[in-house]
Amino acid sequence: MRALRRAVTWFGLPVLLVLVWWLVSGGSFYLPDPLKVVRAFWDTWVSARAFEDVLPSLGRLLLGYVAATLLGVGLGVLVGLSPRLRATLEPVLEFFRAIPPPVLVPLLMLLAGIDTPMKVLVIVSGCVWPILLNTVEGVRALDEVLADTCRMYGVRGGSRLRRFVLRGASPQIMAGLRQALSIGIILMVISEMFASSSGLGFTIVLFQRQFQIAEMWSGILLLGLIGLALSFLFRLLERRVLSWYYGSGAARA
Amino acid sequence: MLEISELRKVYESPNRVVEAIRSLTFSVGEGELVCVVGPSGCGKTTLLRSIAGLLPVSGGEVRLAGSPVTGPPPRMAVVFQEYGRSLFPWMTVRQNVELPLKEKRVPPSRRAELVADSLEAVGLGDAADAHPWQLSGGMQQRVAIARAVAYEPQVLLMDEPFAAVDAQTRADLEDLILRLWRDLGVTTLFVTHDIDEAVYLGQRVIVLSSSPTVIMEDLKVDLPAERDQLTTRSLPRFGELRGHIYEQIQRAREAR
Amino acid sequence: MSRTPFGARRRLLYGLAGLAGLLALVEAVPRLGLVDERYLPPATTILATLARELATAGLWIALGETLIGWALGLAIAFFLAVAIGVVIGIVPGLRAATTSTIEFLRPIPSVALVPLATLLYGPSLSSTLLLVVYASFWQVLIQVLYGVAAVDSVAYDTARSYGLGSWSRVRHLIWPTALPYVMTGLRLAAAVAFILAVTAELVIGSPGLGAEIQVAQSSGAVPAVYALIVLAGLVGIGVNVAVRFLERRVLSWHPSVRSEATT
Ligand SMILES: Nc1ncnc2c1ncn2[C@@H]1O[C@H](COP(=O)(O)OP(=O)(O)OP(=O)(O)O)[C@@H](O)[C@H]1O
Ligand SMILES: [Mg+2]
């Protein structure tokens, strides 16, 4: 009985929405019915396309995201540890963060062409700012008593970095990484919508231009699923990395 | 062991200058337990942080075993006033106690022994795998003490360590400190604002005036070495010493 | 770590020095030939181009269009999200029933809707609005839900036992409690909305700053691309500052403003 109630609360509204979709889609050109979209999804994406378009896109996202993380956390720690450097660079960094990342696509096309390096660079240059600024903030806000404890007990150098600085700043670093992830997905798609001949973004725009409406919707669905999967994976990672933080109740402050 | 001469500390920030300590001169002999009392805000924490080499002084100097202190000396341990914040929340109790030993490159087997012994000594043998935030305030305090003890310091500095625990826990912790001090023979400087506690624990009590701070009195506690919560505290001499220090602090307040 | 106290004036000086340093760097690198001027024009060239562009009516119109898309989209998303969020928050059972749907729809990247917007509206304000509204809606909604959930249940029961109707309960209890969260949502949404407004113009070609950048790029006017990007950054800062100012104004009387510092 309880299980049934839970199933209804979880699946009730989604099922209802799909039904509504079914009803309104009757005969509409722009909105094919759910069954057609699912069939198009199967035919389009569960095929060689998965390897030719989807995986390379995700690979570039991963590469850019990891590079941005290394760069952002590394520089963020450096800047955050020095009050002078922080005061000097903060306005500059705020400016870079305020630039909407997609406008970097046309610029980087000029600088790096239209191939993989450009796409990865776009992702790096968009993702790095939230990571960098959040890391700076996290390092700045490190507990002074803990810093004194480290000094007192001779915790310095690499050990201090690993055991104190990075761990202490990890809640903010993770917040930056979460923002960067959604920016990264946006940039992955956009960089492929421009002058490209493969990739997820390119394929979806192609379907739209060729009026393959069901295929286009299936692409939107795929992007949604990718977004969902990545945010789920991220949450798993976050739970692991920040278990002490949620446990200590600091998160709810 | 510890010599503090004409120590002076002025905090200067762009819009405020605070003379926290005017001039302090005293020394602590090897293996001695000295208590420092003084009203809130008189610079006790400032004094302790200067001795620990965590704070640049504005004048005078601190010497440890003859050599001047410029940074945190290798064989000194501190229990901070904000003990809860001094424990790493992402580490377990065991890891917190073990960290300084790892940095000191103590071999693993000896390390495990020291950690186990010190946790046992503060009565936290079972809590080794808990995280600090899963413990009560008094337990966190004992972890901080265990960490300091496991470090095997020559000098132990403690800053109002029992300010936030209930009376019973406090009495237990006081006896714990006395026991550890006696067993290890470590030179100890114990800061408190509680006169009773200072008299009960110390071989000497240094009474500070309110800010700008000087020493009001450096008092030898001539109570029997063997202390006990019930008998020691009910000795007539205990009452006299307490009353005397109380008067001193009262005078310090009025002189302001 | 000894923390030297940093006065506001010192901070300002350092910050200005940092900006000056950036300008000097961007000036020197192409002048010294480290990077070809075709790829990175000197700072003075970029700023001169920006000044020239700002003297044209076309740029101001484009800027206006971007800001209209931003403000309109943000406003629509904000009111929709607040209304829906409050209803979900106070009708019993609705929160549980919508959780799965919200968790599914929220991570969908808004750019997934680019082809749909193109198909339905072509390069127009409506396309911009579709993307902006979708992206910012979730930011506000999530915060509103947090805010409504933060209402103390004792206070809620008290209000009920004194016979406050649902409208008064919303007005005197739920809304004041949720307000700081709502403003946080607005601040997050404002930044996202600006990004999506420019993106829509850039990718779909709806009129505005993004479209201008696209045009400059395809005609190979490199200094203009840089100038427009600088402008976009400045507008982005303006947007952040404005929303933060609004947040502070709205919350200045609010008891929570003391404790809530950052999120
Ligand atoms: N970082 C600082 N900057 C400026 N002034 C300070 C700083 N730290 C302490 N002070 C000032 O120095 C004086 C002494 O402070 P301190 O913390 O040493 O007092 P305390 O005796 O430890 O007090 P308590 O018993 O409340 O812990 C106070 O007037 C305080 O305002
Ligand atoms: Mg103190």
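Residues numbered from 1 in each chain as written. Chains lettered and ligands numbered in written order. Predicted model: local features only at pLDDT ≥ 70, side-chain atom pairs only at ≥ 80, totals over all residues. Heavy atoms only, no water.

A closer look at the overall build of chain A
(1) Moving on: Counting its regular elements, chain A contains 11 helices and 0 strands.
(2) Moving on: Helices (α) and strands (β) of chain A occur, in sequence order from the N terminus, as α-α-α-α-α-α-α-α-α-α-α.
(3) Moving on: When burial is assessed residue by residue, chain A has 49% of its 253 residues classed as buried.
(4) Moving on: Taking as baseline every contact in chain A between residues at least 6 positions apart, the subset at least 24 positions apart corresponds to 75%.
(5) Moving on: Carbon and sulfur atoms make up 68% of the accessible area of chain A, which amounts to about 12000 Å² in all.
(6) Moving on: Treating the 24 positive side-chain charges of chain A as one cloud and the 14 negative ones as another, the clouds have centres 9 Å apart. (Helix = DSSP H or I, 4+ residues; strand = E, 2+ residues; numbered from the N terminus. Buried < 20%, exposed > 50% of the residue type's maximum accessible area, 1.4 Å probe, protein only. Contact = heavy atoms within 4.5 Å. Areas by Shrake-Rupley, 256 points an atom, 1.4 Å probe, with all protein chains shown as cover. Lys, Arg positive; Asp, Glu negative; His and termini not counted. Charge placed at Lys NZ, Arg CZ, Asp CG, Glu CD.)

Digging into helix α1 (residues 44-51) of chain B
(1) Moving on: Counted residue by residue, α1 of chain B has 6 buried out of 8 residues, so it is predominantly covered.
(2) Moving on: When we look at burial in α1 of chain B, the residues that qualify are Lys-44, Thr-46, Leu-47, Leu-48, Ser-50 and Ile-51 of chain B.

Side note on the coordination of the magnesium ion (ligand 2)
Residues and elements named next belong to chain B.
(1) Moving on: Bound to the magnesium ion (ligand 2) are the protein donor atoms Thr-45 (OG1) and Gln-81 (OE1), situated 1.8 to 2.3 Å from the metal. Here Thr-45 is found in helix α1, whereas its partner Gln-81 is found in the loop between β6 (76-79) and α2 (93-103), with 36 residues between them in sequence.
(2) Moving on: Residue Gln-81 is classed as partly exposed on the basis of its relative accessible area, which comes to 30%. (Donors = N, O, S within 2.8 Å, 3.2 Å for Na, K, Ca; no water.)

Notes on the side chain of Arg-204 of chain B
Residues and elements named next belong to chain B.
(1) Moving on: With respect to the helices and strands, the residue Arg-204 is situated in strand β9 (residues 204-208).
(2) Moving on: Looking at Arg-204, the relative accessible area reads 13%, which means it is buried.
(3) Moving on: A distance of 2.9 Å separates a polar atom in the side chain of Arg-204 from the backbone oxygen of Ser-27.
(4) Moving on: Excluding anything up to four places from it in sequence, Arg-204 contacts Ser-27, Val-28, Glu-32, Leu-33, Val-34, Cys-35, Asp-218, Leu-219, Lys-220 and Val-221. (Polar contact = N/O pair within 3.5 Å; in protein donor to acceptor, adjacent residues only side chain to side chain.)

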